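Commentary on secondary and tertiary structure
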Amino acid sequence: MAEADISHWKRVVGDGLRSQTDGRQATEVAIAADVLNRMLELGRPEYVRIA
């Protein structure tokens, strides 16, 4: 399920930037990076040490 969500957001974000100005492009990159990092965090296992 997490892999499908990551794939979906990668398609939404895409390879190119939609904004024309530098400030807006920087904001777009920051948002895209944050979304992908959150999706990757959801798919990362949590290890618990027992002993």
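Data block above holds the structure.
Described below are features of the structure shown in this document. Keep in mind that what you see is a predicted model, and the values were worked out from it rather than measured.

**Here's the deal with the overall build of the chain**
- Helix and strand counts for the chain come out as 2 helices and 0 strands.
- Here the chain, with 51 residues, has 10% of them falling under the buried criterion.

**Quick look at helix H2 (residues 22-43)**
- Between its first and last C-alpha atoms H2 spans 32 Å; for 22 residues at 1.5 Å apiece the expected length is 32 Å, and the two agree.
- Within the span of H2, buried status applies to Glu28, Ala32 and Met39. Looking straight down H2, one finds its buried side chains confined to an arc of 30 degrees; they lie on one side. For H2, the exposed residues lying more than 90 degrees away from the buried face are Asp22 and Arg38.

**So, the pattern of salt bridges**
- Going through the model one piece at a time under the given rule, you end up with 2 salt bridges.
- With its nearest N and O atoms 3.3 Å apart, the salt bridge here joins Arg38 to Asp34. Of this pair, Arg38 and Asp34 both sit in helix H2, 4 residues apart, which is roughly one turn of the helix.
- A residue is classified by how much of its surface remains accessible, and Asp34, at 37% relative accessible area, is partly exposed.
- Two residues, Glu41 and Arg44, come together in a salt bridge whose shortest N-O distance is 2.8 Å.

**Structural notes on the environment of Gly43**
- You can see Gly43 is positioned in helix H2.
- When its relative accessible area of 46% is taken as the criterion, Gly43 is described as partly exposed.
- When the C-alpha positions of Gly43 and Glu3 are compared, they lie 7.4 Å apart, and in sequence the two are 40 residues distant.

What counts, and where the lines are drawn
- Residues numbered from 1 in each chain as written.
- Predicted model: local features only at pLDDT ≥ 70, side-chain atom pairs only at ≥ 80, totals over all residues.
- Heavy atoms only, no water.
- Helix = DSSP H or I, 4+ residues; strand = E, 2+ residues; numbered from the N terminus.
- Buried < 20%, exposed > 50% of the residue type's maximum accessible area, 1.4 Å probe, protein only.
- Expected span 1.5 Å × (residues − 1).
- Arc of directions from axis to C-beta.
- Salt bridge = Lys/Arg side-chain N within 4 Å of Asp/Glu carboxyl O.

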